[in-house]
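Architecture at a glance
Letter by letter, the chains look like this.
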Amino acid sequence: MITRNLRIENDKMSWEQQYAASFRNPTDLLTWLSIDIGTISDAIDTDSEFPLRVPHAFASRMLHGNPDDPLLRQVLPLKNERIPVSGFSNDPLDEENYNVGNGIIKKYQGRALLIATGACAIHCRYCFRRHYPYADESLTREQISTMISELRRMGDLDEVILSGGDPLSLSDSRLEELLDALATLPKLRRLRLHTRLPIVLPDRVTGRLATMLGQFPTEVVCVMHANHPNELDDQVAAAMHRLRVENVTLLNQSVLLNRINNDSDTIELLCKKGFEMGVLSYYLHQLDPVSGTHAFAVGDAEANEIHAELLTRLPGYLVPKLVREQAGALSKTPL
């Protein structure tokens, strides 16, 4: 009943209103989920520097009364995140070294990644940019012209990747302004967006947004981020359909996460369910060793075992590539 009433309420709210109404306090979220806070109160970090943020649309897919729900575990801040662990650091991918300013990160040949915004609709505990200095790099209107000039000087550039934060946290008008500027790049052949919003807040995929992406003068690829099949419901399917109608290519990348999706059954179902929505599996990432994320780590031997099992169960086009990103490497590193 609670979930149904929440859906009715969300249907009356714009995506911006839903974004603003997200859960921001762990106690509020756990109370709403009918979880006995007393049993886990000592473990919850209510004063994290990377605070909880969860849209109601995503929370509505969590199992009430279950503190081990795989969607809840992705977002609930715990005190063990504060424990320093050898090999885990604030910037394990050395992005600072590839930051050329004006919101541009240039690591790979032919591609440039833009930090379009520091905002995101959901704070995933394993986020590899949870310590990123967004306040120093957030792309403002004043920076767009300078950014375009910088991109023009990159002779090998044929693809721009919008990231963040989440680029779809921008309003339609702000995103349109950015896309109009990028459309002036003469060598641009592909525009890619890395986003979790169509998964966690499906109403973000407005008709205006879908049309905007469909009318962009180059190929457009949206790389979604879903880790568990329970994240994919009818609302997500509808959002994917709106994008597919506009000929946007849809891919999904996941992170292999301990006690969330580190078994072949879960990943298999995720790949199949996503494909039914028109989304093709892309990458299955090994966790980036970011400070505070050690509890999610899965060993390489287990990861390879899961991937080998997927190869026997799924047709090749549905099997995501098992990879790790390493600082200084010229591409993702297959395991």
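You'll find the structure just up there.
The paragraphs below set out a description of the structure included in this document.

So, how was this worked out
- Residue indices follow the written sequence of each chain, beginning from 1 at its first position.
- Only residues with pLDDT of at least 70 are given local features in this predicted model, and only at 80 or more are side-chain atom pairs given and counted; all residues enter the totals for whole chains, interfaces and linings.
- Based on all heavy atoms of the structure, the side-chain values leave hydrogens and waters out of the count.
- Strands here mean DSSP runs of E at least two residues long; helices mean DSSP runs of H or I at least four residues long; both are numbered from the N terminus.
- For the exposure calls, accessible area comes from a 1.4 Å probe over protein chains only, and a residue counts as buried if that area is under 20% of its type's maximum, exposed if over 50%, partly exposed in between.
- Any two residues having at least one pair of non-hydrogen atoms within 4.5 Å are treated as being in contact.
- Surface exposure here means Shrake-Rupley accessible area, sampled with a 1.4 Å probe, where a residue is shielded only by the protein chains that are shown.
- Whenever a helix is involved, its axis is fitted only over the stretch in contact; in every case the axis is a line through C-alpha atoms, and angles between N-to-C directions fall within 0 to 180 degrees.
- The cut-offs work like this: below 35 degrees is roughly parallel, past 145 is roughly antiparallel, 65 to 115 is roughly perpendicular, and the gaps in between are oblique.
- Should the near helix be turned anticlockwise from the far one by less than a right angle, the crossing is termed left-handed; should it be turned clockwise, right-handed.
- A pair of strands is treated as paired once DSSP finds two or more bridges between them.
- Orient the strands so they point away from the viewer, and a crossover whose first-strand-to-second-strand path over the helix runs clockwise is right-handed.
- For our purposes a nonpolar core is just a set of buried Ala, Val, Leu, Ile, Met, Phe, Trp, Tyr and Cys residues, chained together by side-chain atoms within 4.5 Å.

1. So, the overall build of the chain
Looking only at helices and strands, the chain features 14 helices and 10 strands. Each of the three principal axes of the chain carries a C-alpha extent, and together these read 55 × 45 × 45 Å. The buried share of the chain, taken over its 335 residues, is 54%. Across the chain, the fraction of contacts at a sequence separation of at least 24, relative to all contacts at a separation of at least 6, is 82%. Of the roughly 14600 Å² that the chain leaves accessible, carbon and sulfur atoms contribute 49%.

2. Thoughts on the packing of helix H8 (residues 141–152) against helix H9 (residues 172–182)
It is the contact of H8 with H9, at a shortest axis distance of 10 Å, that shows an interaxial angle of 25°. The pairing of H8 with H9 is recorded here as roughly parallel in orientation. In this structure, H8 meets H9 at a crossing whose hand is right-handed. Here Arg141, Ile144, Met147, Ile148 and Leu151 of H8 come into contact with H9, specifically with Arg174, Glu177, Leu178, Ala181 and Leu182.

3. A word on the sheet that holds strand S7 (residues 249–255)
One open sheet holds the 10 strands; their spatial order is S1-S2-S3-S4-S5-S6-S7-S8-S9-S10, and the pairing between them is mixed. Edge positions in the sheet fall to strand S1 (99–101) and strand S10 (333–334), since each has one partner strand and no second. Relative to strand S2 (residues 104–105), S1 runs antiparallel, the two sharing 2 bridges. Within S2, the position partnered with asparagine 99 by the bridge is isoleucine 105.

4. Some remarks on the pairing of strand S6 (residues 219–225)
The buried fraction of S6 is high, at 6 of 7 residues. In terms of strand pairing, strand S5 (residues 190–194) meets S6 through 5 bridges, oriented parallel. Within S6, the residue paired with arginine 190 across the bridge is glutamate 219. Of the pairings in the sheet, the one linking S6 to S7 comprises 5 bridges and is parallel in character. By the bridge assignment for S7, valine 223 is matched with leucine 251. Once you follow S6 into helix H12 (residues 234–245) and on to S7, the crossover reads as right-handed.

5. Topic: the pairing of strand S3 (residues 111–115)
The buried count for S3 comes to 4 of 5 residues, which makes it a mostly enclosed element. Here S2 pairs with S3 via 2 bridges, running antiparallel. Looking across to S3, one finds that isoleucine 105 is bridged to leucine 113. The turn joining S2 and S3, which pair antiparallel and follow one another in sequence, is formed by 5 residues; a positive phi near 80° is taken by glycine 110.

6. Here's the deal with the environment of methionine 13
The topology assignment puts methionine 13 in the loop between helix H1 (2–11) and helix H2 (15–20). Placed 294 residues apart in sequence, methionine 13 and histidine 307 show a C-alpha to C-alpha distance of 41 Å.

7. Some thoughts on the nonpolar core
Membership of the largest hydrophobic core comes to 77 residues, with the highest contact counts inside it found for Leu151, Val160, Leu162 and Leu182. With 5 residues, H9 is the largest single contributor of residues to this core. Apart from residues lying up to four places away in sequence, leucine 182 is in contact with Leu114, Met147, Ile148, Leu151, Val160, Leu162, Leu188, Leu191 and Phe216.

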